[in-house]
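Summary of structural features
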Amino acid sequence: MSALLQIAGLTAHYGDFQALFGVDLTLQDGETLAVIGANGAGKTTLMRAITGIAKVTAGTVTLAGEDITRLPAPEILTRGIAMVPEGRRLFPSLTVEENLLIGAHARKGNGHWTLEKVQALFPILKERRHNPGTALSGGQQQMVAIGRALMSNPRVLLCDELSLGLVPVVIKEIYAAFPRIKASGTSIIVVEQDIGQALRVADHVHCMMEGRITLSGRPAELSRSAIHDAYFGVS
Ligand code: ATP
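Residues numbered from 1 in each chain as written. Predicted model: local features only at pLDDT ≥ 70, side-chain atom pairs only at ≥ 80, totals over all residues. Heavy atoms only, no water.

For the record, the criterion: UniProt positions are given in the numbering used here, feature names are shortened, and annotations may be inferred rather than shown by experiment.
Labelled according to an unreviewed UniProt entry, the chain appears under the name ABC transporter ATP-binding protein, originating from Tabrizicola soli. Looking at the Sequence similarities (unreviewed entry) heading of the UniProt record, one finds this comment for the chain: "Belongs to the ABC transporter superfamily."

Considering the layout of surface pockets
Filter applied, for reference: A pocket here means an open set of points on a 1 Å grid, computed over the protein atoms alone, that has protein on both sides within 12 Å along at least five of seven lines. A cavity is instead a set of points where a 1.4 Å probe fits but cannot get out; residues with an atom within 4 Å of a point line either one. Grid points are joined across faces, edges and corners, and a volume is the space filled by probe spheres set on the points. We count a stretch as a helix when DSSP gives it H or I for four or more residues in a row; a strand needs E for two or more, and each element gets its number in order from the N terminus. Each residue gets one of three labels, nonpolar for Ala, Val, Leu, Ile, Met, Phe, Trp, Tyr, Cys and Pro, charged for Asp, Glu, Lys and Arg, and polar for the others, Gly among them.
Roughly 540 Å³ of volume is contained in the largest pocket. Those elements giving two or more residues to the lining of the largest pocket turn out to be α1 (43–50), α2 (73–79), β6 (81–84), α3 (96–103) and α6 (138–150). Residue composition of the lining of the largest pocket, grouped by class: 12 nonpolar, four polar and five charged. A volume near 330 Å³ is recorded for the second largest pocket.

Notes on the pattern of salt bridges
Worth spelling out the cut-off: Only one rule defines a salt bridge in this text: a Lys or Arg side-chain nitrogen within 4 Å of an Asp or Glu carboxyl oxygen. Note on exposure labels: buried denotes an accessible area under 20% of the residue type's maximum, exposed denotes more than 50%, and partly exposed covers the range between, all computed with a 1.4 Å probe on protein chains only.
With the rule as written, the count across this model stands at five salt bridges. Measuring nitrogen to oxygen at the nearest pair gives 4.0 Å for the salt bridge that ties E97 to R129. Separated by 32 residues along the polypeptide, E97 in helix α3 and R129 in the loop between α5 (124–127) and α6 bring together distant segments of the chain. A relative accessible area of 21% places E97 in the partly exposed class. You can call R129 partly exposed: its relative accessible area is 29%. Note that D203 and K182 form a salt bridge whose closest N and O atoms lie 2.9 Å from each other. Here K182 lies in helix α8 (residues 178–183) and D203 lies in the loop between α9 (195–201) and β9 (204–209), a separation of 21 residues in the sequence. Judged by relative accessible area, which is 29%, K182 ranks as partly exposed. Each of the salt bridges in this network shares a partner with another, and the network as a whole consists of E66, E75 and R79.

Quick word on the nonpolar core
Side chains of a nonpolar character, in soluble globular proteins, are inclined to be buried together. What counts here: We define a nonpolar core as any set of buried Ala, Val, Leu, Ile, Met, Phe, Trp, Tyr and Cys residues linked to one another through side-chain atoms lying within 4.5 Å.
Residues L125, F178 and I181 are the most contacted members of the largest nonpolar core, which totals 45 residues. L10, A12, L20 and V35 belong to the second-largest nonpolar core, a separate cluster that totals 28 residues.

A closer look at α3
For clarity, the threshold we go by: What the arc covers is the set of directions going from the helix axis to the C-beta atoms. Only heavy atoms enter the contact rule, under which two residues are in contact if any of them lie within 4.5 Å.
Buried within α3 we find V96, N99, L100 and G103. Viewed along the axis of α3, the buried residues span an arc of 100°, placing them on a single side of the element. Buried residues in α3 make contact with α4 (115–121), α5 and α6.

Some words on the packing of aromatic side chains
Worth spelling out the cut-off: Put simply, two rings from Phe, Tyr or Trp (the six-membered ring, in Trp's case) pair if the centres are within 6.5 Å, and we call them stacked under 30 degrees between planes, edge-to-face over 60, tilted for the rest. By the criterion adopted, a ring carries a charge over it if an Arg CZ or a Lys NZ lies within 6 Å of its centre and within 35 degrees of its normal.
Tallied over the entire structure, the rule returns one aromatic pair. The interplanar angle of 40° and the centroid separation of 4.8 Å between the aromatic rings of Y175 and F178 together place this pair among those described as tilted. Sitting over the ring of F21, R212 keeps its end group 4.1 Å from the ring centre.

Focus on the site of the ligand
Rule in force here: The rule for a residue being near a molecule or strand is that one of its heavy atoms must lie within 4 Å of it. In protein, a polar contact requires one atom able to donate a hydrogen and another able to accept it; more generally it is a pair of N or O atoms within 3.5 Å, and residues adjacent in sequence count only if both atoms are side-chain atoms. Note on areas: these come from Shrake-Rupley sampling with a 1.4 Å probe, and a residue is covered only by the protein chains present in the view.
Taken together, 14 residues surround the ligand, and among them G40, G42, K43, T44 and T45 come closest. G40 is positioned such that a nitrogen or oxygen atom in its backbone is 2.7 Å from an oxygen atom of the ligand. Between the ligand and T45 there is a distance of 2.5 Å, counted from an oxygen atom to a side-chain nitrogen or oxygen. In the complex, the protein chains occlude 62% of the 630 Å² of accessible area that the ligand would expose alone. Secondary structure elements with two or more residues in the shell around the ligand: β2 (17–27) and α1. With three residues, α1 is the single largest residue contributor to the shell around the ligand. Broken down by class, the residue content of the shell around the ligand amounts to five nonpolar, six polar and three charged.

A word on the environment of D29
The topology assignment puts D29 in the loop between β2 and β3 (32–36). Take D29: its relative accessible area is 48%, and that puts it in the partly exposed class. For the pair D29 and K182, spaced 153 residues apart in the sequence, the C-alpha separation amounts to 10.0 Å. Among all residues touching D29, those that are not within four sequence positions of it are L4 and S187.

Take a look at the structure:
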């Protein structure tokens, strides 16, 4: 089986500061992968390097056999990688529905995700469709951000720290939608500091520390102590 997304030797810098050191990662079609790690491990930078926002200084990103390294961010989105950014970044002057429709600008041809399908996934978004996006609760805003990304009909959905600032019951509600997203054929990478959540949702987990992948495996294969060492370093 050839990989949907193949990341090889990926290195990224902010000026002179090196944030990623030769990261290798493979996402198979239909798979959900979680990247875990402490603050500053490089998880967001990895997502930003994949989506063309962070500066890639070495290595490659290949989507369905095509090299997309260093393509402009809008082109990468059109080719099928959509990101739910940390902090959601909704457009404050637009309604919920308008925020969702913005995501559709990047879609190429037809696909599974329509406004109706997104509203069926998160019914509150239909109920609140005329509200300004920012008048919603944090969890509802996160649903808009996920819905907006899905509206581009991505082959790969990248989610950066969905749990951040949300109470456990809301986190659970949001992740309850993931089996349906997966069933639609969208492959997923979630970045999480919440290890328990990552282990529940993912087929494969990668742990990062200081810009490197320090541990990879299926959730059932990874012991708590191995995760602890890969996450915090062995003291
Ligand atoms: P967090 O959970 O805090 O988002 P993270 O694992 O996503 O952490 P990154 O945000 O990717 O980590 O940061 C990796 C490293 O790059 C950190 O040392 C951080 O300080 C640095 N960094 C991130 N963004 C920038 C930037 N815009 N300019 C300079 N350094 C940055």
